[in-house]
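Each chain, letter by letter, is given below.
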Amino acid sequence: MTSQSGDRRRSAASVPELVSRAREGDPRAVARLISLVEDESPQLREVMAALAPYAGQAHVVGITGSPGVGKSTSTSALVTQLRKAGKRVGVLAVDPSSPFSGGALLGDRVRMSDHALDPGVFIRSMASRGHLGGLAWTTPQALRVLDAAGYDIVLVETVGVGQSEVEVAGLADTTLVLLAPGMGDGIQAAKAGILEIGDIYVINKADRDGADQVRRDLRTMLTLGDRPAEAWNPPIVKTVARMGQGLDEVAAEIARHHQWLASSDALDVRRTRRAREEIEAIAVATLRARWAAVHGHASLDALAADVVGGSVDPYAAADRLVSAVAAAQ
């Protein structure tokens, strides 16, 4: 009974209490806050207001690449390396949604089970829920929770959907693009999308034949880009993540990129762009929810009949529908 009473108290905790506990390193409080985000709880606005003064400190690292390149294994190995450096690490691993429950399939969290008992690591699998771009719609808000909870670095691993997986570049301070040899013409497959967003390129499974060729092809492609002289020159690192090889160099390049960002105005530019896109997304979602009544409005069928009959055009009909819905709100 004591345990059940404790569970009830935790579930009924106020937002200020949850935020305070999260800032003290309580993983249950962090998990509860992220659940409020994912569930789009009525308390979400209160949560974001409470977190705002504490956010903006974490280094956000996006990890993307086509399926099969070893993103989850690389993420887990990178966590190990960052922990050796004394960093507190948060991980948001976006998994495909279950077609049955709509929840995350949890594959990434299973593969990162080595860190399950480490109090300096927090791992959360999030369902993409059909959202394109390799991320979940709620990822920016979940990221803010981990940021405000005091994690030094937050790794955001995308779902693995190929060329469309570019949204992470707008979310991250530093973007890692993973490739691997022996996966067909990887450069050709990726160049129209994710190969244009990388700050650091990682050739994983570098113990396979073809790794040096991938590196040469990648170098050639990067030289074709029109980069200003003062721009960051993306490094290429070879790793064997399952053996933990090369991850020290990846961690060093992540730190070097962060120093470069901080020494210029690039970090502020990226974070301002991120905030702008987040505000826009929330505003559009709010408007969409407010206008959800359009679909079932009583005048819709009559207006549709008028359009079919030719007495009104669809744009004029839409204007009438908007006016009718606005008048009813």
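This text goes with the structure placed above it.
The rules behind the values
- Residues numbered from 1 in each chain as written.
- Predicted model: local features only at pLDDT ≥ 70, side-chain atom pairs only at ≥ 80, totals over all residues.
- Heavy atoms only, no water.
- Helix = DSSP H or I, 4+ residues; strand = E, 2+ residues; numbered from the N terminus.
- Phe/Tyr/Trp six-rings, centres within 6.5 Å; stacked < 30°, edge-to-face > 60°.
- Buried < 20%, exposed > 50% of the residue type's maximum accessible area, 1.4 Å probe, protein only.
- Axes fitted to C-alpha atoms, helices over the stretch in contact; angles between N-to-C directions.
- Parallel < 35°, antiparallel > 145°, perpendicular 65-115°, else oblique.
- Contact = heavy atoms within 4.5 Å.
- Salt bridge = Lys/Arg side-chain N within 4 Å of Asp/Glu carboxyl O.
- Left-handed = near helix turned anticlockwise from the far one by under 90°.
- Nonpolar A, V, L, I, M, F, W, Y, C, P; charged D, E, K, R; others polar.
- Pairing = 2+ DSSP bridges.

Draft legend 1. Fine view of unusual backbone geometry. Of note, Glu40 is a non-glycine position whose phi angle comes to about 50°, a positive value. Inspection of the secondary structure assignment puts Glu40 in the loop between α3 (27-38) and α4 (44-51). Even without a glycine there, the phi angle at Lys205 is positive, about 60°. Assignment of secondary structure puts Lys205 in the loop between β6 (200-203) and α10 (211-224).

Draft legend 2. Structural view of the packing of aromatic side chains. Scanning the entire structure with this criterion turns up 2 aromatic pairs. Between the aromatic rings of Phe122 and Tyr151, the centroid separation amounts to 6.4 Å while the plane-to-plane angle is 50°, which identifies the pairing as tilted. Within this pair, whereas Phe122 is found in strand β3 (residues 121-127), its partner Tyr151 is found in the loop between α7 (139-148) and β4 (153-157), the two being separated by 29 residues in sequence. Neither Phe122 nor Tyr151 differs from the other in exposure class; each is buried. Geometrically, the ring pair formed by Trp232 and Trp260 is tilted, given 5.8 Å between the ring centres and 50° between the ring planes. In this pair, Trp232 is assigned in the loop between α10 and β7 (236-238) and Trp260 in helix α11 (residues 247-263), connecting sequence segments 28 residues apart. Judged by its relative accessible area of 9%, Trp232 falls in the buried class.

Draft legend 3. Molecular detail of the packing of α7 against helix α12 (residues 266-290). Running from amino to carboxyl end, α7 crosses α12 at an angle of 125°, the nearest separation of the two axes being 10 Å. Of the possible angle classes, the one that applies to α7 and α12 is oblique. Along the contact surface, α7 presents Pro140, Gln141, Leu143 and Arg144, while α12 presents Arg274, Glu278 and Ile282.

Draft legend 4. Spatial organisation of the pattern of salt bridges. Per the counting criterion, the structure on display carries 11 salt bridges. Two residues, Glu38 and Arg124, come together in a salt bridge whose shortest N-O distance is 2.9 Å. Separated by 86 residues along the polypeptide, Glu38 in helix α3 and Arg124 in strand β3 bring together distant segments of the chain. For Glu38, a relative accessible area of 11% corresponds to the buried category. Under the relative-accessibility criterion, Arg124 is labelled buried at 10%. For the salt bridge of Arg83 with Asp118, the shortest nitrogen-to-oxygen distance reads 2.9 Å. Of the two residues, Arg83 is situated in helix α5 (residues 71-84) and Asp118 in the loop between α6 (107-111) and β3; the sequence distance between them amounts to 35 residues. The structure contains a network of salt bridges with shared partners spanning Glu17, Arg21 and Asp26.

Draft legend 5. Fine view of the packing of α3 against α4. Two elements in contact, α3 and α4, have axes separated by 9 Å at closest approach and are oriented at 130°. Between α3 and α4, the interaxial angle falls into the category oblique. As α3 runs across α4, the sense of the crossing is left-handed. Seen from α3, the contacting residues are Leu33, Leu36 and Val37; seen from α4, they are Leu44, Val47 and Met48. Classifying every residue of the contact of α3 with α4 gives 6 nonpolar, no polar and no charged.

Draft legend 6. Molecular detail of the pairing of β6. The two faces of β6 match: Ile200 and Val202 on one face and Tyr201 and Ile203 on the other face are all buried. Inspection of the sheet shows strand β5 (residues 174-179) paired to β6 by 4 bridges, in the parallel sense. If you follow Val177 over to β6, its bridge partner there is Tyr201. Sheet topology places β6 next to β7; 3 bridges connect them, and they run parallel. The residue bridging Val202 from the neighbouring strand is Val237, located in β7.

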